[in-house]
Every structure is written in structure tokens, then in C-alpha cells.
Amino acid sequence: FRFKDSLAEDLQSADLVISHAGAGSCLETLEKGKPLIVVINDKLMDNHQLELAKQLHRDGYVLYCNCSTLVETLQSMDLSTLKPFPPGQPEKFALFLDTVFGFQ
Amino acid sequence: AGGHTTEILRLLSCLSESYSPRHYVLADSDKMSEAKIRSFEQKRAETFSESQFTLDRIPRSREVRQSWISSVVTTLYSIVYSLPLTYKRQPDLILCNGPGTCVPICISAFLLGLLRIKRTIIVYVESICRVETLSLSGKILYYFSDYFIVQWPDLKRKYPKSVYLGRVV
């Protein structure tokens, strides 16, 4: 898998995704509406990567565990508790910039 | 690079043709962004036929986890390298979102502003990954940018001069 250009196809056909806490992976998965379990590697993890995973978990969009608790999580998970992830709104940004420059 | 490029292209996705021509600046070591940018611009040209863009590369200002002292040296070098590029393009707006590459460009634009050569508006959008803390680029550009946009409320609280629009990417 490592060197595939895009996982989009695989994502599309998946029922459940288990991923590391990388922002790209998390967001891409959530945007496709797939349930996601984020696995934190305490030893390798760059602190800032954790921020997003933690927040997504707090907001109820992902499940969260570490390598040693993964099996337990898979056994006891209830995916229906996950909330749908609303898309970002670049149009709000465009509107903001238009206001700055006086384009309306 | 990578995530930053994806984010910035999303930011650009709803902009009108008033924001044209677009000048992209990449790190010389960035291998993947060029393809993403060209693909984005190609799609855009389907709707806006007069669409124009350029692509330039500058030396990477800092490698991940590079030491402080050598980072200052490499960043200074990148700033000096960026000055002629920024002078040539004289952008009305610089839009950036966090890779080290953006710092020298913004600082060079800031300097050109101080020298009364060109006043550029600098808009920085912190990455969606930054929920509780700012990136190093963010910490620096919080002081040099005209508008500093954050995507999570915690950061708005910590950095009151920032703008919070919710998640924009």
C-alpha cells in the first residue's frame, strides 16, 4: 500500500477505517463519511498531530485508541455513536477576502 | 508541501477571478505540490478561460526538526533569495497557510512594504491541524500578517487578534 498515489478508491469501498492520527488521513476519511478509529502511537507521535485527533474525538467524529487497546476497541465499539462530519466552508473564506478587498 | 497544498487549494476553490493572476511559490524540494496545483488550475481554466498562474521555487527555509541556529541562517538565506521574486511579482495579496516556505516570502513582502516599494496584504490561514497551538510559521506571522485566520475557537481565545471563521477547508 505504501506507495499508492491515492487511497481514494480503497476508502470509497471501505466500511471501517483504522488509521494513524495524520490530519490528511483523518479528514479524507471523515469527508467520505466512513467510520474512523484513530490509533495513537505514543512513542512516535508528534504532539501536534494529536491535537486534531483529540478534537475530532471530543466532537464525536472518531473513535480513539492506542496500539495496545485496538483489539478491545474493535470488540466493543459502537459506530452509531459517531456523528457525521460536516464539510469545511471555503466559501466563508472567499466572502471574508472579498470584504477585505471590497469586492462584492 | 502535502497537506498544506491541499488546504490552500481548497481555500482558493471559491475565489472569484478577481484573484488573478495567481503566483504559486514552492520549496525546491517539494515534489508533489506542482502536480496538484497544475491539476487545480487546469480545472479552473475550464470555467474561467482567462485564468493565469505562475509557479516559482525557492530554497526550503527549514527542514523538520532542524536546529534553531541553522534555521535562522537558512531562513535568512531564503529571505534574501525571495526578495527579487517578491519584487518581481509585487503581489497585492499573499495567501499562505503555514509551511516554512511562506515565512521568507511574507517577510520579504513586509520589507518591501517598509521600503514603500509595494504594500502587500498578507493573509495567513493556520492549518486545520492546529487546534490548540500555532505552528512555528504561525507564531512568527501572527505579528507580520494583516489578517490571521484560525480554524478552531481555542486559538481565537489564545490569539485575540486572529479571525475565526470556523473550518474553512
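The rules behind each value
- Residues numbered from 1 in each chain as written.
- Chains lettered and ligands numbered in written order.
- Predicted model: local features only at pLDDT ≥ 70, side-chain atom pairs only at ≥ 80, totals over all residues.
- Heavy atoms only, no water.
- UniProt positions renumbered as here; feature names shortened; annotations may be inferred.
- Helix = DSSP H or I, 4+ residues; strand = E, 2+ residues; numbered from the N terminus.
- Buried < 20%, exposed > 50% of the residue type's maximum accessible area, 1.4 Å probe, protein only.
- Contact = heavy atoms within 4.5 Å.
- Areas by Shrake-Rupley, 256 points an atom, 1.4 Å probe, with all protein chains shown as cover.
- Patch = residues over 30% accessible without salt bridge, like charges linked within 9 Å, V, L, I, M, F, W, Y side chains within 5 Å.
- Salt bridge = Lys/Arg side-chain N within 4 Å of Asp/Glu carboxyl O.
- 1 Å grid on protein atoms, 1.4 Å probe; cavity = no way out; pocket = protein on both sides within 12 Å on 5 of 7 lines; lining within 4 Å.
- Points joined across faces, edges and corners; volume = space filled by probe spheres on them.
- Core = buried A, V, L, I, M, F, W, Y, C linked by side-chain atoms within 4.5 Å.

- Looking at an unreviewed UniProt entry, one finds chain B named UDP-N-acetylglucosamine transferase subunit ALG14 and attributed to Origma solitaria.
- Chain B has a UniProt comment under Sequence similarities (unreviewed entry) that states "Belongs to the ALG14 family."
- UniProt's Subcellular location (unreviewed entry) comment on chain B is quoted here verbatim: "Endoplasmic reticulum membrane".

- Per an unreviewed UniProt entry, the recorded name for chain A is UDP-N-acetylglucosamine transferase subunit ALG13, and the organism is Origma solitaria.
- Turning to chain A, the UniProt annotation filed under Sequence similarities (unreviewed entry) states: "Belongs to the glycosyltransferase 28 family."
- You can read under Subcellular location (unreviewed entry) in the UniProt record for chain A the words "Endoplasmic reticulum".

**Observations regarding the overall build of chain A**
For step 1, the next point in the chain: Within chain A, the secondary structure is distributed over 5 helices and 3 strands.
For step 2, the next point in the chain: Listing each helix as α and each strand as β along chain A from the N terminus yields α-β-α-β-α-β-α-α.
For step 3, the next point in the chain: When the 104 residues of chain A are sorted by exposure, 39% land in the buried category.
For step 4, the next point in the chain: Taking contacts inside chain A between residues at least 6 apart in sequence as the whole, the part at least 24 apart equals 44%.
For step 5, the next point in the chain: When the accessible surface of chain A is summed, it comes to about 6,500 Å², and 53% of that surface belongs to carbon and sulfur atoms.

**A short note on unusual backbone geometry**
The general pattern is negative phi for most residues beyond glycine and trans for most peptide bonds.
Residues and elements named next belong to chain B.
For step 1, the next point in the chain: In this chain, S20 is followed by P21 through a cis amide linkage whose omega measures -5°.
For step 2, the next point in the chain: With a phi angle near 60°, R116 is a residue other than glycine that sits in the positive phi range.
For step 3, the next point in the chain: Take R116: it is sitting in the loop between α4 (102-114) and β4 (121-125).
For step 4, the next point in the chain: R116 gets classed as exposed once you look at its relative accessible area, which sits at 75%.

**Digging into a nonpolar patch on the surface**
Residues and elements named next belong to chain B.
For step 1, the next point in the chain: Taken together, the side chains of Y87, F110, L111, L114, L115 and I117 make up a nonpolar region of the molecular surface, amounting to roughly 570 Å² of accessible area.
For step 2, the next point in the chain: As for its placement among the helices and strands, L111 is situated in helix α4.
For step 3, the next point in the chain: On the basis of relative accessible area, L111 is assigned to the partly exposed category, the value being 31%.

**Considering the pattern of salt bridges**
For step 1, the next point in the chain: Throughout the structure, instances matching the rule amount to 12 salt bridges over all chains.
For step 2, the next point in the chain: Two residues, R58 of chain A and E132 of chain B, come together in a salt bridge whose shortest N-O distance is 3.1 Å. Here the residue R58 of chain A occupies a position in helix α3 (residues 47-58), and E132 of chain B occupies one in the loop between β4 and α5 (136-144), the pair thus bridging two chains.
For step 3, the next point in the chain: With relative accessibility at 49%, the residue R58 of chain A sits in the partly exposed group.
For step 4, the next point in the chain: One continuous salt-bridge network, built from bridges that share partners, spans E17, R22, E41 and R44 of chain B.

**Section: the layout of surface pockets**
Residue and element names in this part refer to chain B.
For step 1, the next point in the chain: Roughly 240 Å³ of internal volume is contained in the second largest pocket.
For step 2, the next point in the chain: Considering the residues around the second largest pocket, the lining is formed by T6, L9, R10, S13, K36, S39, F40, K43 and R44.
For step 3, the next point in the chain: Listing elements by their share of the lining of the second largest pocket, those giving two or more residues are α1 (2-12) and α2 (33-47).
For step 4, the next point in the chain: The biggest single contributor to the lining of the second largest pocket is α2, with 5 residues.

**Considerations on the nonpolar core**
For step 1, the next point in the chain: Judged by nonpolar contacts, the single largest core of 45 residues is most densely connected at V38, L56 and F93 of chain A together with V123, V125 and I149 of chain B.
For step 2, the next point in the chain: Secondary structure elements with two or more residues in this core: α2 (23-31), β2 (36-40), α3 and α5 (90-101) of chain A together with α1, β1 (22-27), α2 and β4 of chain B.
For step 3, the next point in the chain: The contact partners of V38 of chain A, leaving out residues within four places of it in the chain, are S19, H20, A21, C26, A53, V62, L63, Y64 and C65 of chain A.
For step 4, the next point in the chain: The next biggest cluster of nonpolar side chains, apart from the first, holds 20 residues, and it includes I79, I107, A109 and I122 of chain B.

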